[in-house]
Amino acid sequence: MGELERLKQDCIVKQKRGLHIIIASVVVWDGILAVELLNIPVLTKNLFVFVCTGLTFANILFHILSD
């Protein structure tokens, strides 16, 4: 029973590491939605969406390097 509890705690710890990436992705997708709802030229929208996507990759890279 002790081994099972240890494995359960290990899974809990590993799953919490992904929580930051999920939250960051939600924030970035909200940013992309906000950009798409703006009344601006398409090329400017594309640039802003590209920037939002870059923020996602920067966040993932930061979390990988911080482990």
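Because the structure is predicted, anything quoted here is derived from the model rather than measured.

What follows is about the overall build of the protein. If you tally the helices and strands in the protein, you get 3 helices and 0 strands. In the protein, the succession of helices and strands from N to C terminus is α-α-α. For 67 residues, the compact-globule estimate of 2.2 N^0.38 gives 11 Å, and the protein exceeds it by more than 25% at 18 Å. Expressed along its principal axes, the backbone C-alpha trace of the protein runs to roughly 60 × 25 × 10 Å. By residue count, 15% of the 67 residues in the protein fall in the buried class. For the protein, the accessible surface area stands at approximately 5,700 Å², while carbon and sulfur atoms represent 73% of it. Counting 6 positive and 6 negative side-chain charges, the protein places the centres of these two groups 2 Å from one another.

Quick look at the pattern of salt bridges now. Here the structure, examined in full by the defined rule, presents 1 salt bridge. Salt-bridge contacts for Arg6 lead to Glu3; the nearest nitrogen and oxygen are separated by 2.5 Å. Here Arg6 and its partner Glu3 are both found in helix H1 (residues 2-17), 3 residues apart, which amounts to about one turn of the helix. By relative accessible area, Glu3 is classed as partly exposed at 47%.

Relative to the assigned elements, Leu7 resides in helix H1. Given a relative accessible area of 41%, Leu7 falls into the partly exposed group. In this structure the C-alpha to C-alpha distance between Leu7 and Cys52, which are 45 residues apart in sequence, comes to 37 Å.

Right, let's get into helix H2 (residues 19-37). With 19 residues, H2 extends 27 Å between its outermost C-alpha atoms, agreeing within 8% with the 27 Å of an ideal straight helix rising 1.5 Å per residue. Of the residues making up H2, those classed as buried are Ala24, Val28, Ile32 and Val35. Viewed along the axis of H2, the buried residues span an arc of 80°, placing them on a single side of the element. What points out from H2, more than 90 degrees from its buried face, is the exposed set Ile22, Val27, Trp29 and Leu37.

Criteria and cut-off values
- Residues numbered from 1 in each chain as written.
- Predicted model: local features only at pLDDT ≥ 70, side-chain atom pairs only at ≥ 80, totals over all residues.
- Heavy atoms only, no water.
- Helix = DSSP H or I, 4+ residues; strand = E, 2+ residues; numbered from the N terminus.
- Rg over C-alpha atoms; globule rule 2.2 N^0.38 Å.
- Buried < 20%, exposed > 50% of the residue type's maximum accessible area, 1.4 Å probe, protein only.
- Areas by Shrake-Rupley, 256 points an atom, 1.4 Å probe, with all protein chains shown as cover.
- Lys, Arg positive; Asp, Glu negative; His and termini not counted.
- Charge placed at Lys NZ, Arg CZ, Asp CG, Glu CD.
- Salt bridge = Lys/Arg side-chain N within 4 Å of Asp/Glu carboxyl O.
- Expected span 1.5 Å × (residues − 1).
- Arc of directions from axis to C-beta.

Just geometry here; none of it tells us what the structure is for.
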